[in-house]
Amino acid sequence: MIEQTERVDVGLRRGAMPLAMAERERSAHHGLPVHEVVPLVGTDVTTGLTGEVAARRLAELGPNALPEQRGPGWVRRLLAQFHNPLIYVLLGAAALTSALGEVVDASVVLAVVLVNALVGYLQEARAEKALDALVAMVRTEATVVRDGVATRIASDELVPGDVVVLEEGDQVPADLRVVAVRELRVDESALTGESQPVAKDPLPVPHDAVLADRTSMAYSGTLVTSGGGRGVVVGTGGDTEIGRVHRLVGSTRTVQTPLTRKLARFSMLLTWVILGLAVLSAVVGVLRGEPVAGMVTAAVALAVGAIPEGLPAAVTVTLAIGVSRMARRNAIIRRLPAVETLGSTTVICTDKTGTLTANAMTVRWVVADGVRHEVTGVGYTPTGPIHPEVGSAARECLLAGTACNDADVVERDGAWIAVGDPTEAALVVAARKAGLSTADVPARVDELAFTSQRRFMATRHTGGVVYLKGAVERIAEFTGDTDHTTADELAARGLRVLALAKAHLPEDTELTEEALRGHARPLGLVAMHDPPRPEAQAAVRACRDAGIEVRMITGDHRATARAIAAHFDLPDDAVHARVSPEEKLRLVEGLQADGHVVAMTGDGVNDAPALRRADIGVAMGRGGTEVAKQAADMVLTDDDFTTIRAAVEEGRAVFDNLRKFIIWTLPTNMAEGLVILTAILLGTALPILPVQVLWINMTTAVALGLTLAFEPREPDVMHRPPLPPSLPLLTGALLHRILLVSAVLLAGSFAAFHLADGTVDQARTLAVNVFVTAQIAYLFNCRSLHNLRPRVGLRANPWLPAGIALTAALQLLFTYAPFMNTLFHTAPIGWKDWALAAAIATVAYAVVEAEKWWRRNHAHRT
Ligand code: ATP
């Protein structure tokens with residue numbers, strides 16, 4: 001069959017020929033007629049490659065995946081960590097300190113800056129890796145003909161010579177020479193920037209045609225917006241047009257979101273304020289007659305202390321953890337900002353079929369010639385009696401149902417499953433229960449395919465007979481049947497009702513909606529049951545408890561939709577039936593105009609605009625098209641409504657954890673700055689030296705603060721209303737708390753410094769330990785923003801005790817290790833000092849809990 005295989009295989013091997021020649025050969029595909037391209041890639045258009053040849057080519061040429069992008073090297077990425085205004089200030093501080101002759105101090109500052117950069121680099125690298133792994137989880141598939149049979153395989157298994165079948169909604173999986181089309185239109189904007197879909201055709205185009213004009217080719221990464229067709233793979237992986245663009249531009253994954261940008265701006269502002277204060281305090285001190293060198297040191301300490309160095313890394317890590325938690329619950333985030341937005345979602349617009357219901361259709365009734373036949377049996381098992389037994393009218397109705405049908409049912413491991421559209425598979429099952437099969441149907445010669453907009457399907461068979469099936473009111477347009485009483489009554493029971501009809505078209509008349517209008521004869525109705533997903537019921541209720549409105553958007557009949565909605569306690573005005581994709585878009589826009597944050601589900605090509613417009617576009621991983629997935633912010637791998645709820649829950653938890661980290665870290669910085677400012681203004685010795693301040697910031701931000709990113713969600717996250725997206729990260733209440741804790745830390749460290757009896761070094765060591773122990777205590781406060789006593793056990797976050805243990809070990813080193821004493825100007829302290837530190841920490845903890853309690857009661861009263 002494929003005689004040239006061996007020769008061609010050699011020719012295809014990358015690098016087996018001079019580049020210029022390979023170039024010419026590749027660009028030739030669009031200019032050659034199909035019958036010349038086919039032998040070039042050694043294949044057969046009808047039967048495709050054999051599995052054996054395909055496997056050999058795959059082994060030789062590698063998978064059909066874009067080559068791993070070499071991002072900027074690790075040196076550059078590490079250096080990028082220093083590109084941060086906060087770090088500039090620290091470097092400036094190091095330079096100043098060494099200019100003053102304090103070489104040891106300067107080296108410590110530098111060492112800490114270095115460690116900080118390293119930690120930041122490692123954290124970011126890990127977050128990026130986690131995100132990359134997610135991308136791989138959304139597997140793309142392609143339909144390929146091998147050994148004469150069409151099968152679905154993972155796109156990365158495609159090889160040159162494979163014959164690929166394209167359908168509406170597919171992503172073109174490799175560079176294809178188009179060999180057959182059915183009104184095939186492709187959106188090539190990813191490649192050419194042209195937003196209008198391009199019609200494809202097997203006819204060759206001139207050799208010098210530019211990419212956008214090569215209508216005989218379908219390029220990898222572009223999207224089939226309508227129609228379908230077949231193509232022969234002529235390029236895979238890096239050897240595709242998109243592969244070349246990829247090489248040129250390189251992929252730059254950013255882990256930036258509106259929130260991280262907001263925080264970056266905040267840090268910038270903070271830096272300037274801190275610098276201003278530092279300079280001001282130094283000037284005040286010098287004017288008061290203090291030595292210049294001492295004042296510069298103090299100013300440096302202030303700057304170093306007040307800068308929240310750990311903030312950027314903590315945000316990235318928290319977001320990354322949120323993303324992987326969502327993935328574990330079957331929600332794949334495609335765009336990082338979605339993680340933040342999810343927590344603020346106020347409306348979820350969800351599909352009915354497959355998301356709220358199981359999309360497991362079973363025909364319950366067949367109505368023909370005024371007789372209602374009840375169909376028994378379960379699932380897709382094609383057995384079960386029909387009462388009363390079907391007569392000729394019902395028979396013809398069921399025959400039309402299997403004729404006008406692309407699905408089938410097969411038995412696998414003892415269970416019958418649907419292959420293709422469940423609605424159609426249900427019709428196949430019903431027909432088989434009546435003893436009918438596709439063998440009873442004359443061959444199909446033409447069709448009008450089902451689309452969500454068309455809402456019906458028609459097939460023409462040899463002999464001129466045309467079968468129609470679809471939404472009742474659509475079929476009525478062709479039959480003129482205006483009596484919908486039975487259909488409405490069945491729909492009101494929550495059943496999906498389809499009408500069937502038959503027509504005769506002369507051979508020379510084209511199959512169009514116009515030609516059928518008024519020429520069809522009604523055959524009857526079928527009504528099928530699609531059970532609501534039991535777990536979705538609880539999920540809808542949970543969303544409602546969380547202050548999120550749930551709306552059902554469906555292409556189905558209003559009565560059917562309402563009956564299903566009633567199962568979920570959704571009111572009538574939350575049901576949008578017979579909705580077209582354009583209406584979906586308008587619905588999103590309308591809700592957004594009312595200030596809502598909208599999550600919208602979708603699966604078809606035409607849903608893409610609504611998915612893009614929605615604040616959270618949600619695509620179905622199983623039933624959805626590639627187009628919808630590409631447009632979405634989040635993909636549900638199980639198509640289940642419960643997963644949306646889970647994602648919202650995790651989104652809220654992420655937001656909580658970010659706020660927890662921020663309100664934990666800011667008081668430390670603020671208090672450190674204040675301690676030094678106060679010392680200068682009062683003209684007393686510094687209770688904490690610059691290097692010590694830096695030590696506190698660096699060790700606690702990572703060992704203590706970061707553990708908050710791993711906090712599990714609190715049980716009440718879904719019992720509060722969504723936070724408005726315009727809400728600042730820090731509300732008034734949280735700002736008050738930051739000020740309160742800063743004041744406690746300030747008073748505590750000052751008191752400790754002055755109460756200590758011993759050397760200045762010992763007093764400073766104590767002051768530092770007061771700071772750190774109070775931070776540990778405050779960490780427990782921060783495990784819950786509003787609840788007294790965390791509702792989640794400590795065992796749920798093992799990082800937290802581990803972090804505390806690490807901090808304790810570091811503090812002991814800091815206090816007792818001789819080399820640390822030299823580096824950080826510390827000195828060993830006694831048990832009384834530790835007791836004092838513990839007492840201050842306990843007071844700090846109690847003060848914050850009391851503040852929470854007061855605020856709770858206060859809020860209750862108002
Ligand atoms: P959603 O998933 O948003 O709840 P849906 O799946 O119920 O929507 P569609 O699949 O767009 O909606 O179907 C819309 C209508 O088209 C159905 O109510 C039915 O009448 C008709 N229909 C559905 N599937 C087919 C089919 N395969 N052939 C003919 N008509 C169909």
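An unreviewed UniProt entry lists the protein chain under the name Cation-transporting ATPase F, with Saccharothrix longispora as the source organism. Per UniProt, the protein chain carries the Subcellular location (unreviewed entry) text "Cell membrane".

> Pulling in residues and values, what's your account of the overall build of the protein chain?
When helices and strands are tallied, the protein chain shows 30 helices and 24 strands. Projected onto its principal axes, the C-alpha positions of the protein chain cover 110 × 75 × 45 Å. Out of the 862 residues in the protein chain, the part that is buried amounts to 54%. Taking the intrachain contacts of the protein chain between residues at least 6 apart in sequence as the baseline, contacts between residues at least 24 apart amount to 72%. Counting every atom, the protein chain has about 36800 Å² of accessible surface; 60% of that belongs to carbon and sulfur. Taken as two groups, the 81 positive and 93 negative side-chain charges of the protein chain have centres that lie 5 Å from each other.

> Lay out the sheet that holds strand S17 (residues 465–470) with the relevant residues and their values.
One open sheet accounts for eight strands, arranged S12-S11-S10-S19-S18-S17-S16-S15; its pairing is antiparallel. The open sheet has two edge strands, strand S12 (386–387) and strand S15 (444–448), and neither has a second partner. Note that strand S10 (residues 362–368) and strand S19 (residues 521–529) share five bridges and pair antiparallel. Across the sheet, residue Val367 finds its bridge partner in S19, namely Leu525.

> Tell me about the environment of Ile663, residues and numbers included.
Counting through the fold element by element, Ile663 comes out in helix H24 (residues 641–682). Sequence separation between Ile663 and Gly705 is 42 residues, and the spatial gap between their C-alpha atoms is 10.0 Å. Residue contacts for Ile663: discarding those within four places in its chain leaves Leu730, Leu734, Arg737, Ile738, Tyr778, Cys782 and Leu785.

> Can you lay out the pattern of salt bridges for me, pointing to particular residues and giving the numbers?
The full count for this structure, using the stated rule, is 39 salt bridges. With its nearest N and O atoms 2.7 Å apart, the salt bridge here joins Glu477 to Arg474. Taken together, the residues span about one helical turn, with Glu477 and Arg474 both in helix H16 (residues 472–479) at a distance of three residues. When its relative accessible area of 34% is taken as the criterion, Glu477 is described as partly exposed. Arg474 gets classed as buried once you look at its relative accessible area, which sits at 13%. Taken together, the salt bridges that share partners define one network made up of Arg454, Arg474, Glu477, Glu513, Glu514 and Arg517.

> How would you summarise the site of the ligand if you had to cite specific residues and measurements?
Lining the immediate surroundings of the ligand are 19 residues, of which Thr353, Asp421, Glu424, Arg496 and Asp556 lie closest. One of the side-chain N or O atoms of Thr554 is found 3.0 Å from an oxygen atom in the ligand. Between the ligand and Gly555 there is a distance of 3.2 Å, counted from an oxygen atom to a backbone nitrogen or oxygen. Isolated, the ligand exposes 610 Å² of accessible area, and the fraction of that covered by the protein chains is 92%. Taken together, the elements giving at least two residues each to the shell around the ligand come down to S17 and strand S18 (496–504). Here the shell around the ligand takes three residues from S18, the largest share from any one element. Taken together, the residues of the shell around the ligand sort by class into five nonpolar, five polar and nine charged. Inspection of the shell around the ligand shows a minimum of three residues originating in each of domain 3 (339–357 + 534–639) and domain 4 (362–529).

> How would you explain the packing of aromatic side chains if you had to name every residue and give the values?
What the rule picks out here adds up to six aromatic pairs. An angle of 50° between the planes, with centres 4.8 Å apart, marks the rings of Phe456 and Phe478 as tilted. One end of the pair, Phe456, is in strand S16 (residues 456–461); the other, Phe478, is in helix H16, and 22 residues separate them in sequence. On the basis of an interplanar angle of 50° and a centroid distance of 5.6 Å, the ring pair of Phe814 and Phe824 is categorised as tilted. Of this pair, Phe814 sits in helix H28 (residues 799–816) while Phe824 is found in helix H29 (residues 818–824), placing the two residues ten residues apart along the sequence. Just as Phe814 is buried, Phe824 falls in that class too.

> Lay out the pairing of strand S3 (residues 163–166) in plain terms, naming residues and giving numbers.
If a strand is regular, its side chains alternate between the two faces of the sheet. Alternating residues of S3 divide into Val163 and Val165 and Val164 and Leu166, and every residue in both groups is buried. Looking at chain direction, strand S1 (residues 141–146) and S3 are connected through three bridges and run antiparallel. Across the sheet, residue Thr143 finds its bridge partner in S3, namely Val165. Pairing of S3 with strand S7 (residues 223–235) involves four bridges; the strand directions are antiparallel. For Leu166, the partnering residue across the bridge sits in S7 and is Gly229.

> Would you mind going over the sheet that holds strand S24 (residues 634–636) in detail, with residue names and values included?
Overall, mixed pairing links the seven strands, which are arranged S8-S24-S23-S22-S9-S20-S21 in an open sheet. Only two strands of the sheet have a single neighbouring strand rather than two, namely strand S8 (331–333) and strand S21 (575–576). In this sheet, S24 lies alongside strand S23 (residues 616–620) in parallel orientation, the contact comprising three bridges. Along S24, the bridge assignment pairs Met620 with Leu636. Each of strand S9 (347–351), strand S20 (549–553), S21 and strand S22 (598–602) touches helix H21 (residues 581–593); the most contacted strand, S22, lies at about 170° to it.

> Describe H16, with residues and values.
Most of H16 is tucked away: six of the eight residues are buried. Turning to H16, its buried residues number three or more, namely Val472, Arg474, Ile475, Ala476, Phe478 and Thr479. The elements touched by buried residues of H16 are S16, S17, helix H17 (485–491), S18, helix H18 (513–516) and S19.

Rules of the game
Residues numbered from 1 in each chain as written. Predicted model: local features only at pLDDT ≥ 70, side-chain atom pairs only at ≥ 80, totals over all residues. Heavy atoms only, no water. UniProt positions renumbered as here; feature names shortened; annotations may be inferred. Helix = DSSP H or I, 4+ residues; strand = E, 2+ residues; numbered from the N terminus. Buried < 20%, exposed > 50% of the residue type's maximum accessible area, 1.4 Å probe, protein only. Contact = heavy atoms within 4.5 Å. Areas by Shrake-Rupley, 256 points an atom, 1.4 Å probe, with all protein chains shown as cover. Lys, Arg positive; Asp, Glu negative; His and termini not counted. Charge placed at Lys NZ, Arg CZ, Asp CG, Glu CD. Pairing = 2+ DSSP bridges. Salt bridge = Lys/Arg side-chain N within 4 Å of Asp/Glu carboxyl O. Near = heavy atom within 4 Å. Polar contact = N/O pair within 3.5 Å; in protein donor to acceptor, adjacent residues only side chain to side chain. Nonpolar A, V, L, I, M, F, W, Y, C, P; charged D, E, K, R; others polar. Domains from an automatic or database assignment. Phe/Tyr/Trp six-rings, centres within 6.5 Å; stacked < 30°, edge-to-face > 60°. Axes fitted to C-alpha atoms, helices over the stretch in contact; angles between N-to-C directions.

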